[in-house]
Amino acid sequence: MTVERNPLSDKELWQRLATDQDVAPAAVSDMDFAAWLEGRLSETAAARIEAAVAADPALRRAALDLADILGKPLPEAPARMAVRAQALVGFEAERQARRGGWLVEFLSWGATLGVPRAAMVTAAVLVAASGFMLGGGLGQSYAQQKYVVASNQATENSSELTALYTTDGI
Amino acid sequence: MTDLNQIDLQALKAGSKRTWDAFVVASTPLINAVARRTLSAYRLSEEDIMDAAQDVYVRLCANEFRLLKTYDPTRAGLSTWLAVVARSTAVDYARRRRQATSPIDDVPETALAVEDRHVEKLRIPEGLLTERQTLILKYLYDEERDVGEIADLLKIDAQTVRSTHHKALLRLREHFREEDPESAKKRG
């Protein structure tokens, strides 16, 4: 006598299977998860994220919740939330950023044009060096300084002598 | 009101106060929604939601906007990335506060089921199902979600979800030599 077993439904079959993995999948970064949610990953990269999401109930729920929230218009947040958050950044943050000086601003300007930082630094050095050479360089500058000091000294001495002769009636 | 997509990211990362303020106004609806949804499972108060949201902004601007500087616009939209960051921050906040509790009606039946230890579960061999097939089956049976929700999440159409589900079940039945009920009816 054979006993025919009732075939399992899809759900019953699934429930009979051990679906937990032996090895936990690699952690998913926020950036990777966001890219996966937007469907921007390659098939291979998406497969890695999907394995991680499949293995983690919390991540599965997170994916559904975020997809739901991102897909619809959102109510206004309490005004206090924005006020508290805005207070985190003051004008001090801008001043600190500017403390880098003209070189930082020059490099930032170059970055907006897509010019590599190394090229910008080289350009800055060349501009500074050219300006210096046009001005005569160190040697000439030093000589000029010495001339100025010497001529000032000579003028002072001459004035003293003149004063000396004048007061003595010579 | 500025849209998040209109925020000047360079100015924001440079610490511009005006840009930060505009960014906050543009992002609070999203951060608020994510914090509330995440913390709903933890039964925390309104003040906790406010604090969790503030934690998100603290993370974003801390250490000269270090986290914000990791955002890559070529990989995902700012809203999506912010939502993911907000969620993980809210979860961290909740764990620091208390254990998660869920109303029993919100928990899928499969999670509540008592395991019958007399029935040994069959292991699915590695490579039998693709990652996507496994994910869809988990959403359908472990999370008890419908085809439409899964299709929206995976950015595919509902028919593709059904077809992927069907192929996965065929593979499982073939491997475990389980006849499906429809075939059994036709045979019988």
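Residues numbered from 1 in each chain as written. Chains lettered and ligands numbered in written order. Predicted model: local features only at pLDDT ≥ 70, side-chain atom pairs only at ≥ 80, totals over all residues.

Peer 1: Go over the overall build of chain B with me, naming the residues and quoting the values.
Peer 2: The helix and strand tally for chain B stands at nine helices and one strand. Secondary structure elements of chain B occur, N-terminal to C-terminal, as α-α-α-α-α-β-α-α-α-α. Relative to its full complement of 188 residues, chain B shows a buried share of 32%. Taking the contacts inside chain B whose residues are at least 6 apart along the sequence as the reference set, 64% of them involve residues at least 24 apart. (Helix = DSSP H or I, 4+ residues; strand = E, 2+ residues; numbered from the N terminus. Buried ≥ 20, exposed ≤ 12 C-beta atoms within 10 Å, placed from the backbone. Contact = placed C-beta atoms within 7 Å.)

Peer 1: Before we move on, could you go through the interface of chain A and chain B and cite the residues and values that matter?
Peer 2: Contact residues are listed per partner, giving 54 residues for chain A and 60 residues for chain B. Counting residues per element, the ones that place at least two in the side of chain A that touches chain B are helix 1 (10-15), strand 1 (17-18), helix 2 (30-37), helix 3 (43-55), helix 4 (57-70), helix 5 (79-86) and helix 6 (91-98) of chain A. Its residues placed into classes, the side of chain A that touches chain B shows 33 nonpolar, eight polar and 13 charged. Here strand 1 of chain A runs beside strand 1 (residues 122-123) of chain B; their pairing, made up of two bridges, is parallel. Considered in strand 1 of chain B, the bridge of A18(A) is made with R123(B). (Nonpolar A, V, L, I, M, F, W, Y, C, P; charged D, E, K, R; others polar. Pairing = 2+ DSSP bridges.)

Peer 1: Break down helix 4 of chain A for me, with residues and values.
Peer 2: With 14 residues, helix 4 of chain A extends 20 Å between its outermost C-alpha atoms, agreeing within 8% with the 20 Å of an ideal straight helix rising 1.5 Å per residue. Tucked into the core, helix 4 of chain A has its buried residues touching helix 2 and helix 3 of chain A together with helix 2 (17-39), helix 4 (78-97), helix 6 (131-142) and helix 7 (147-154) of chain B. (Expected span 1.5 Å × (residues − 1).)

Peer 1: Break down the packing of helix 5 of chain A against helix 2 of chain B for me, with residues and values.
Peer 2: Look at helix 5 of chain A against helix 2 of chain B: their axes get within 9 Å of each other, and the N-to-C directions meet at 135°. In this view, helix 5 of chain A runs oblique relative to helix 2 of chain B, as classed from their interaxial angle. The element helix 5 of chain A and its partner helix 2 of chain B pack so that their crossing is right-handed. Residues M81(A), A82(A), A85(A) and Q86(A) of helix 5 of chain A lie in contact with helix 2 of chain B, whose contacting residues are W20(B), D21(B), V24(B), V25(B), T28(B) and N32(B). A per-class count over the contact of helix 5 of chain A with helix 2 of chain B returns six nonpolar, three polar and one charged. (Axes fitted to C-alpha atoms, helices over the stretch in contact; angles between N-to-C directions. Parallel < 35°, antiparallel > 145°, perpendicular 65-115°, else oblique. Left-handed = near helix turned anticlockwise from the far one by under 90°.)

Peer 1: I'd like a rundown of the confidence of the model for chain A, residues and numbers included.
Peer 2: Here chain A averages 74 in pLDDT, and 53% of its residues register 70 or above. Between residues 146-151 of chain A, whose pLDDT stays under 50, and residues either more than four places distant or in other chains, the model counts zero contacts. (pLDDT = per-residue confidence, 0-100.)

Peer 1: Talk me through the packing of helix 2 of chain A against helix 4 of chain B; I want residue IDs and the actual numbers.
Peer 2: Two elements in contact, helix 2 of chain A and helix 4 of chain B, have axes whose closest approach is 9 Å; the angle formed by their N-to-C orientations is 130°. One way to sum up the angle between helix 2 of chain A and helix 4 of chain B is to call them oblique. Handedness of the helix 2 of chain A/helix 4 of chain B crossing: right-handed. Along the contact surface, helix 2 of chain A presents D30(A), M31(A), F33(A), A34(A) and L37(A), while helix 4 of chain B presents T80(B), W81(B), V84(B), V85(B) and S88(B). Considered class by class, the residues forming the contact of helix 2 of chain A with helix 4 of chain B number seven nonpolar, two polar and one charged.

Peer 1: Now, about the environment of K121(B): what can you tell me, with residues and values included?
Peer 2: Inspection of the secondary structure assignment puts K121(B) in the loop between helix 5 (109-112) and strand 1. Among residues more than four places away in sequence, those in contact with K121(B) are R16(A), L17(A) and A18(A).

Peer 1: Give a detailed account of the domain arrangement of chain B, specifying residues and quantitative values.
Peer 2: Under the domain assignment, chain B is made up of domain 1 (4-97) and domain 2 (106-179). Measuring from the centre of the C-alpha atoms in domain 1 of chain B to the corresponding centre in domain 2 of chain B gives 34 Å. (Domains from an automatic or database assignment.)

Peer 1: Go over the environment of A168(B), please, and point to the residues and values.
Peer 2: Residues and elements named next belong to chain B. Counting through the fold element by element, A168 comes out in helix 8 (residues 158-176). Considered as a pair, A168 and T134 are 34 residues apart in the sequence and their alpha carbons are 7.8 Å apart. Apart from residues no more than four positions distant in its own chain, A168 is found in contact with L129, Q133, I136 and L137.

Peer 1: Now, about the environment of F23(B): what can you tell me, with residues and values included?
Peer 2: Residue and element names in this part refer to chain B. Relative to the helices and strands, F23 resides in helix 2. For the pair F23 and E64, spaced 41 residues apart in the sequence, the C-alpha separation amounts to 16 Å. Leave out the neighbours within four places in its chain, and F23 touches I7 and L12.

Peer 1: How would you explain the nonpolar core if you had to name every residue and give the values?
Peer 2: Residues and elements named next belong to chain B. Within the largest apolar cluster, 67 residues are counted, with the highest numbers of intra-cluster contacts made by V34, A35, A83 and A86. Considering every element that reaches this core, the biggest residue donor is helix 2, with eleven residues. Sequence-distant contacts of A35, defined by excluding residues within four places in its chain, comprise I49, A52, A53, A86 and A90. (Core = buried A, V, L, I, M, F, W, Y, C linked by C-beta atoms within 7 Å.)

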